[in-house]
Amino acid sequence: MKHLLSIDDLGRDGIEDVCDLAESFLEVTQREIPKVPALRGKTVASVFYEDSTRTRLSFETAAKRLSADTMTFSVSTSSVKKGESLRDTVQTIEAMGVDAMVVRHPSAGAPHRVASWVDAAVVNAGDGRHEHPTQALLDVFTIRRHRGPDLDGARVAIVGDVRRSRVARSDALALAALGAEVTLVGPPTMLPESLAGWAATAASDLDEVLEGLDVIYLLRIQHERRDAAYFPSLREYTTRYGLTVERAARLAPETLVMHPGPMNRGVEIAPEVAEGPCSVITEQVANGVAIRMAVLYSILGSGTLMSGAGGSGIGGPGTGGSEGLETGAPDV
Amino acid sequence: MKHLLSIDDLGRDGIEDVCDLAESFLEVTQREIPKVPALRGKTVASVFYEDSTRTRLSFETAAKRLSADTMTFSVSTSSVKKGESLRDTVQTIEAMGVDAMVVRHPSAGAPHRVASWVDAAVVNAGDGRHEHPTQALLDVFTIRRHRGPDLDGARVAIVGDVRRSRVARSDALALAALGAEVTLVGPPTMLPESLAGWAATAASDLDEVLEGLDVIYLLRIQHERRDAAYFPSLREYTTRYGLTVERAARLAPETLVMHPGPMNRGVEIAPEVAEGPCSVITEQVANGVAIRMAVLYSILGSGTLMSGAGGSGIGGPGTGGSEGLETGAPDV
Amino acid sequence: MKHLLSIDDLGRDGIEDVCDLAESFLEVTQREIPKVPALRGKTVASVFYEDSTRTRLSFETAAKRLSADTMTFSVSTSSVKKGESLRDTVQTIEAMGVDAMVVRHPSAGAPHRVASWVDAAVVNAGDGRHEHPTQALLDVFTIRRHRGPDLDGARVAIVGDVRRSRVARSDALALAALGAEVTLVGPPTMLPESLAGWAATAASDLDEVLEGLDVIYLLRIQHERRDAAYFPSLREYTTRYGLTVERAARLAPETLVMHPGPMNRGVEIAPEVAEGPCSVITEQVANGVAIRMAVLYSILGSGTLMSGAGGSGIGGPGTGGSEGLETGAPDV
């Protein structure tokens, strides 16, 4: 794997490999010293043309836990304000000695263009309304950890402004690749104009799809889009599509409640449900670090990972780890 | 010690323990390699809902000198702008693998609420007009280093907008706990409406309290509050409450001049006094790093600190330190 | 070398020493683990009163590759907004334990004043219209790497708003010190009012100086100055002073095309020329990290660098490097 630009780059096998690897890294993050020397000497740059503390910190934490150095390029304090082109910006960052770039950009396809301009590896951290592949990976990883690795036939509803959501698109692609049955739910103004390429069905009545769900995935309602009249009011949205306490009571007890964050409590999800026993929303965050470690390692690692034996290849607590350090960092 | 939310959490013994520990860390900061491996593998997040480069850098420097990793969450570039609740924000940050959060917030009590929501340790780095306990600790530490550990009967004047100052409140509490006699000085509009809970006396005429002072502590005048008519003008404030060259000449030679920074030179303190022989303002900054190392170590450390023998338990330059490294970081 | 405030601090020998040292560090940046322990335990603070992600990241990358700790002080989120003086700010930063400050400031001479107030070493990273010495060093380093160390008689044109450019001033000083013949090119409104102190000649017709050039150095046109009527329009600027494809065709094949970045493609340089075979613009960025490593090492290093034998004194991959680590970091 050179880049991670789209879920389609991975396919079913690739998704499962990253999830398997993330299991090892999740164990690393729970150690007393939650670090491995796997990417010592590598530099990972965050290149963010949209603010996102959440996603940026998750990637940077993942990089640090792998002993990589990090560099943050945020458009708000950058020469982009001076009119520099995206191409010149990323080539400049690369020239400083960067091995991988984590790119978030408001334009769909921007990470693909970056990948064509630099030799560094590129990870798409969200591009416009197009894709957000590491979010999809952490979401399927979270589901697998509760249901086991086989998602064939799992019933998943993705609820909200699906049409404008890169999370919905990437999640639907990943879930379909693993055999899950995805239903997109929202008012017609928020559903895709065509289902071509979605590998999913659509519904406008949430109450009709609630029963039998394995997962209900609530998308964030974008406040700034409220005026765009996709729906009459936040209150009406909550009435028809919010996961209220009443609706949650109709879910099977083992149904997983998921949300990519940040939540609008009381809009798309009731506070009691967000904190309830079915919610795995905080787990999604913790799993996000493990998934991003797995992605960065797959892209930048030495390829000598042994997936058995407790992940000794990525620096186990015993002899393997020490040897890895000696070999990997002779003079620093 | 799990959290540090208020000076009251510590009491006299606790304050003295932290100061004793800070002596060891002050020695560490003066070494050729000013670092110890005490918190290797721990992650300390700065969660700042108000801008404060000064306090944030002091905590982050302290964390790095203890070999902890740091993570900065600043509200100005965060999902808080998207309406996320404080609770969701701190639970998200914790889920990424944070051991301690240093919280600054404009609302009094916010760090207490954070502590009730997360398992991580919480340090109050300033909450509204309520408290700023590490500032008080570094201030008493600075006084102790000049006067010796016994502050019983020391006479301290705190001058300025005491009513709205979290620094004044925390300092008065800490000083009173150590037996000092504290006088709050300012125009009636800037003095507390009631002295209940302050363990201090109040005065409106600075010139009447100048003589016999061991410490004069100038608070910063907040420019943005000038219009609020707490006093007629900056010039009049300086005339009545500024530590001018003339007033400073009436202080005993060993009186300490202190200020939490950033200073308004020429308003609450004359430039000549700020740089004069009685000023320990720059020492306060240096001591701040040592105090914050002591606080973070008390909260996150292994508890095996040996306070005698030059701090060998926190990584002395001899054999103890090397052993600490071997034990603490087997595989990184 | 205590500080680097101006190219004049170095002279010909100093410039050549830094360039020679940078050769060793350039080799370090190309290693599998591009780091040396040379500045372990040192802290380098970026103190930036103007936004500049490019220069700041270059210095911070250089510091990290030398194993120094970094601290970023950016005026946009700082107590400067509260009215703190430059002097108090830098003395506060120093008191936290900083060994070197990299200072960018809109006022000419600000780094000199900082150097008079602190004991830490100071590197000028750009002060008003005055100087930008590390840019000049990386530029002459880049030229030397292509032409060999002898720049005597090399013909260099610096094209653009020379009068208001700290890059032009520092580059002209450095090039003249090394014996190059510098011609400043631009409309009269952009040329210095007097050539006193410039050690250069001036010309207003770019086409007359194109032939025989060894280096053509394009300055960035500042968009925000467009209204100041230094020239009628961007389009006219490009017609008369831009390095268009047509003009580039008249250059000798071995002429180097340089630009400090960020570029205005299509204004001072055509995109095809920026990416053409003569362009060394991306090399300038990579060389900038090596030069800044050399500057920081010259200021903060132990002085035991051995320039022969592949840079073993700065941490070669063999025995020297390991010994350096043992000696330099006994207890961390």
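Because the structure is predicted, anything quoted here is derived from the model rather than measured.

> Break down the sheet that holds strand 9 (residues 256-258) of chain B for me, citing the residues and quoting the values.
Residues and elements named next belong to chain B. A sheet is described by the order of its strands in space; here five strands give the open sequence 7-6-5-8-9, paired in parallel fashion. The open sheet is flanked by strand 7 (201-203) and strand 9, the only strands paired with a single partner. Neighbour to neighbour, the strand axes of the sheet diverge by 20° on average, direction disregarded. Pairing between strand 5 (residues 155-159) and strand 6 (residues 181-185): five bridges, direction parallel. Bridge assignment links Ile158 to a residue of strand 6, and that residue is Leu184.

> Help me get a handle on the pairing of strand 2 (residues 69-74) of chain B, residues and values and all.
Residues and elements named next belong to chain B. Here strand 2 lies mainly inside the structure; five of its six residues are buried. Bridging between strand 1 (residues 43-48) and strand 2 involves six bridges; their strand directions are parallel. In the strand pairing of strand 2, Val47 is matched with Phe73.

> Can you lay out the packing of aromatic side chains for me, pointing to particular residues and giving the numbers?
Residues and elements named next belong to chain A. All chains considered together, the criterion is met by nine aromatic pairs over all chains. With a centroid separation of 5.6 Å and an interplanar angle of 35°, the aromatic rings of Tyr237 and Tyr241 are classed as tilted. Residue Tyr237 and its partner Tyr241 are located together in helix 8 (residues 234-241), separated by four residues, close to a single helical turn. For Arg292, the ring lying beneath its charged end belongs to Phe59, and the centroid distance is 4.8 Å.

> Quick one: what's the story with the domain arrangement of chain A, residue by residue and with numbers?
Residue and element names in this part refer to chain A. Domain boundaries assigned for chain A yield domain 1 (7-131 + 287-306) and domain 2 (133-283). Between domain 1 and domain 2, the contact holds 31 residues from the first and 27 residues from the second. For the domain 1 face of the interface with domain 2, the top three residues by lost area are Ile7, Arg129 and Asn287, together amounting to 27%. In this assembly, domain 1 and domain 2 are joined by four salt bridges. Inspection of the domain 1/domain 2 interface yields 11 residue pairs in polar contact (both at pLDDT 80 or more). For the side of domain 1 that touches domain 2, the secondary structure elements donating two or more residues are helix 1 (11-29), helix 2 (53-65), strand 3 (100-105), strand 4 (121-127) and helix 11 (281-300). Of the residues belonging to the side of domain 1 that touches domain 2, the class tally is 12 nonpolar, seven polar and 12 charged.

> Let's hear about the side chain of Ser165 of chain A: which residues, and what values?
All names here are of chain A. When you line up the elements, Ser165 lands in the loop between strand 5 (155-159) and helix 6 (166-177). Take Ser165: its relative accessible area is 11%, and that puts it in the buried class. Side-chain polar atoms of Ser165 contact the backbone nitrogen of Val167, separated by 3.2 Å. With sequence-adjacent residues up to four places away left out, Ser165 is seen in contact with Arg129 and Leu219.

> Give a detailed account of the packing of helix 3 (residues 86-95) of chain B against helix 4 (residues 110-117) of chain B, specifying residues and quantitative values.
Residues and elements named next belong to chain B. Where helix 3 contacts helix 4, the axes come no closer than 10 Å and their chain directions differ by 55°. One way to sum up the angle between helix 3 and helix 4 is to call them oblique. Read as a crossing pair, helix 3 and helix 4 show a hand that is right-handed. Contacts from Leu86, Arg87, Val90, Gln91 and Glu94 in helix 3 reach Ala110, Val114 and Trp117 in helix 4. For the contact of helix 3 with helix 4, the per-class residue count stands at five nonpolar, one polar and two charged.

> Now, about the pattern of salt bridges: what can you tell me, with residues and values included?
This model, assessed by the stated rule, comprises 54 salt bridges over all chains. Arg250 of chain A is paired through a salt bridge with Glu211 of chain A; the nearest N and O atoms lie 3.2 Å apart. You can see Arg250 of chain A sitting in the loop between helix 9 (245-249) and strand 9 (256-258) and its partner Glu211 of chain A sitting in the loop between helix 7 (206-209) and strand 8 (215-218), a full 39 residues away along the chain. Its relative accessible area of 53% is what places Glu211 of chain A among the exposed residues. A salt bridge links Asp207 of chain C to Arg250 of chain C, with the shortest nitrogen-to-oxygen separation between them at 3.1 Å. Of this pair, Asp207 of chain C sits in helix 7 (residues 206-209) while Arg250 of chain C sits in the loop between helix 9 (245-249) and strand 9 (256-258); the two residues are 43 residues apart in sequence, bridging distant segments of the chain. Under the relative-accessibility criterion, Arg250 of chain C is labelled partly exposed at 35%. A single salt-bridge network, built from bridges that share partners, covers Arg87 and Asp88 of chain A together with Arg265 and Glu275 of chain C.

> How would you sum up the environment of Ile143 of chain C? Please name residues and give values.
Tracing the chain through its elements places Ile143 of chain C in helix 5 (residues 133-147). Those residues in contact with Ile143 of chain C that lie beyond four places of it in its chain are Gly148, Leu151, Leu175, Val215, Leu256 and Met258 of chain C.

So, how was this worked out
Residues numbered from 1 in each chain as written. Chains lettered and ligands numbered in written order. Predicted model: local features only at pLDDT ≥ 70, side-chain atom pairs only at ≥ 80, totals over all residues. Heavy atoms only, no water. Pairing = 2+ DSSP bridges. Helix = DSSP H or I, 4+ residues; strand = E, 2+ residues; numbered from the N terminus. Axes fitted to C-alpha atoms, helices over the stretch in contact; angles between N-to-C directions. Buried < 20%, exposed > 50% of the residue type's maximum accessible area, 1.4 Å probe, protein only. Phe/Tyr/Trp six-rings, centres within 6.5 Å; stacked < 30°, edge-to-face > 60°. Lys NZ or Arg CZ within 6 Å of the ring centre and 35° of its normal. Domains from an automatic or database assignment. Contact = heavy atoms within 4.5 Å. Buried area = accessible area lost by both parts, 1.4 Å probe. Salt bridge = Lys/Arg side-chain N within 4 Å of Asp/Glu carboxyl O. Polar contact = N/O pair within 3.5 Å; in protein donor to acceptor, adjacent residues only side chain to side chain. Nonpolar A, V, L, I, M, F, W, Y, C, P; charged D, E, K, R; others polar. Parallel < 35°, antiparallel > 145°, perpendicular 65-115°, else oblique. Left-handed = near helix turned anticlockwise from the far one by under 90°.

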